[in-house]
Amino acid sequence: MSAGPPIATYVLMAVNIGLFVLGPVLIGNAWEGYLGLWPGYTDELGAAYMDVGNEWYRWITSGFVQFSWLHLLFNMIALWQLGTVLEPSLGRSRFLLLYFGSLLGSSAGVMLLANAGVHGGASGAIFGLIAAYGVILKRLRLPVTQVVVIAVIFIGAPLLGIMSGVSWQGHLGGAVAGLVIMLAMFRGVDKREAALRSGRRAS
């Protein structure tokens, strides 16, 4: 366990909340469009609307765009719940690697699978945390039912058209990235433990 409070989690929450409050003031009422991902971007669309673009930084900034107070509230509650568990367990640097790796995976999912509209939200990265948490539960031989139910609801339902306005592409991409990153981290742990056991036998 890492010492101290989950500072990275609190900073991520502060950035999300701060941008939601200050975005309209600093950027304008269309601030979500200026920072969000546009998978259906074309030159014609970019010429017609000032807030539409395909800049590289949108892969990151889109993860800090929340479209309503309710959207912000649910995402921050989820980030707080998962971050206060995972950050102390993984350590600050590994937690940030997991979060931003999941965020990039979420953006990749949107760009590969979606074809229209503006996409954004912290939920893509949060789904990476959920998937990582599921891997940890599995390793500890604890039930993963709740993780599976969340995935089915927020990935499966929008995919089937039951829940509109939810980017299942971003959720799926973030979950896959979080799963892969967490498995890679555990692989490193297993190698170190195996080397340690081997050294003890040799001595």
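Please read these numbers as outputs of a predicted model, since none were measured by experiment.

(A) Region of the structure containing the packing of helix H5 (residues 69–90) against helix H6 (residues 92–113). Close contact between H5 and H6 brings their axes to 7 Å; oriented N to C, the two are set at 135°. With respect to each other, H5 and H6 are oriented oblique. Where H5 crosses over H6, the handedness of that crossing is right-handed. Packed against H5, whose contacting residues are Leu79, Gly83, Leu86, Glu87 and Leu90, the element H6 presents Arg92, Arg94, Phe95, Leu98 and Tyr99 at the interface. Across the contact of H5 with H6, the residue classes break down as six nonpolar, one polar and three charged.

(B) Layout of the nonpolar core. Leu79, Leu86, Leu98, Tyr99, Leu129 and Met182 are the most contacted members of the largest nonpolar core, which totals 36 residues. The element that contributes the greatest number of residues to this core is helix H7 (residues 123–139), accounting for 10 residues.

(C) A look at a nonpolar patch on the surface. The grouping of Ile17, Val21, Leu22, Val25, Leu26, Ile27 and Trp69 at the surface amounts to a nonpolar patch, some 720 Å² of accessible area in total. Looking at the nonpolar patch, the element that brings in the most residues is helix H1 (residues 7–26), giving five residues. Here isoleucine 27 lies in the loop between H1 and helix H2 (31–35). Residue classification places isoleucine 27 among the partly exposed residues on the basis of a relative accessible area of 36%.

(D) Expanded view of H7. Given a rise of 1.5 Å per residue, 17 residues ought to cover 24 Å, and the 24 Å separating the end C-alpha atoms of H7 matches this to within 8%. Most of H7 is tucked away: 14 of the 17 residues are buried. Positive backbone phi, at 60°, marks arginine 141, one or two positions downstream of H7.

(E) Broad picture of the pattern of salt bridges. Evaluated as defined, the whole model comprises two salt bridges. We note a salt bridge from arginine 58 to glutamate 55, for which the minimum N-O separation is 2.6 Å. A salt bridge links glutamate 87 to arginine 92; its shortest N-O distance comes to 3.2 Å. Here arginine 92 falls in the partly exposed class, since its relative accessible area comes to 37%.

(F) Molecular detail of H6. In this model, H6 (22 residues) spans 31 Å end to end at C-alpha, consistent with the 32 Å of a helix rising 1.5 Å per residue. Along H6, the residues classified as buried are Phe95, Leu98, Tyr99, Gly101, Ser102, Leu103, Gly105, Ser106, Ser107, Gly109 and Val110.

(G) Fine view of the side chain of glutamate 87. Position of glutamate 87 relative to the elements: it lies in helix H5. Taking the relative accessible area as the measure of exposure, glutamate 87 reaches 2% and is therefore buried. Within the structure, glutamate 87 has its side chain in polar contact with the side chain of threonine 9 (distance 2.8 Å).

(H) Expanded view of the environment of tyrosine 133. Looking at where tyrosine 133 falls in the secondary structure, it is placed in helix H7. A relative accessible area of 28% means that tyrosine 133 is categorised as partly exposed. Taking the C-alpha atoms as reference points, tyrosine 133 and valine 144, separated by 11 residues in sequence, lie 8.9 Å from one another. The residues touching tyrosine 133, leaving out its near neighbours within four places in the chain, are Leu82, Val85, Leu86 and Val147.

(I) A look at the packing of aromatic side chains. Under the criterion given, the structure shown has six aromatic pairs. Seen from their ring centres, phenylalanine 20 and tryptophan 69 are 4.7 Å apart, and the 70° between their planes marks the pair as edge-to-face. Of this pair, phenylalanine 20 sits in helix H1 while tryptophan 69 sits in helix H5, placing them 49 residues apart in sequence. Judged by relative accessible area, phenylalanine 20 falls into the buried class, the value being 11%.

(J) Structural context of unusual backbone geometry. Of note, the phi angle at arginine 141 is positive, near 60°, even though the residue is not glycine. Topologically, arginine 141 is positioned in the loop between H7 and helix H8 (145–159). Residue arginine 141 is classed as exposed on the basis of its relative accessible area, which comes to 78%.

Reading guide: rules and limits
Residues numbered from 1 in each chain as written. Predicted model: local features only at pLDDT ≥ 70, side-chain atom pairs only at ≥ 80, totals over all residues. Heavy atoms only, no water. Axes fitted to C-alpha atoms, helices over the stretch in contact; angles between N-to-C directions. Helix = DSSP H or I, 4+ residues; strand = E, 2+ residues; numbered from the N terminus. Parallel < 35°, antiparallel > 145°, perpendicular 65-115°, else oblique. Left-handed = near helix turned anticlockwise from the far one by under 90°. Contact = heavy atoms within 4.5 Å. Nonpolar A, V, L, I, M, F, W, Y, C, P; charged D, E, K, R; others polar. Core = buried A, V, L, I, M, F, W, Y, C linked by side-chain atoms within 4.5 Å. Buried < 20%, exposed > 50% of the residue type's maximum accessible area, 1.4 Å probe, protein only. Patch = residues over 30% accessible without salt bridge, like charges linked within 9 Å, V, L, I, M, F, W, Y side chains within 5 Å. Areas by Shrake-Rupley, 256 points an atom, 1.4 Å probe, with all protein chains shown as cover. Salt bridge = Lys/Arg side-chain N within 4 Å of Asp/Glu carboxyl O. Expected span 1.5 Å × (residues − 1). Polar contact = N/O pair within 3.5 Å; in protein donor to acceptor, adjacent residues only side chain to side chain. Phe/Tyr/Trp six-rings, centres within 6.5 Å; stacked < 30°, edge-to-face > 60°.

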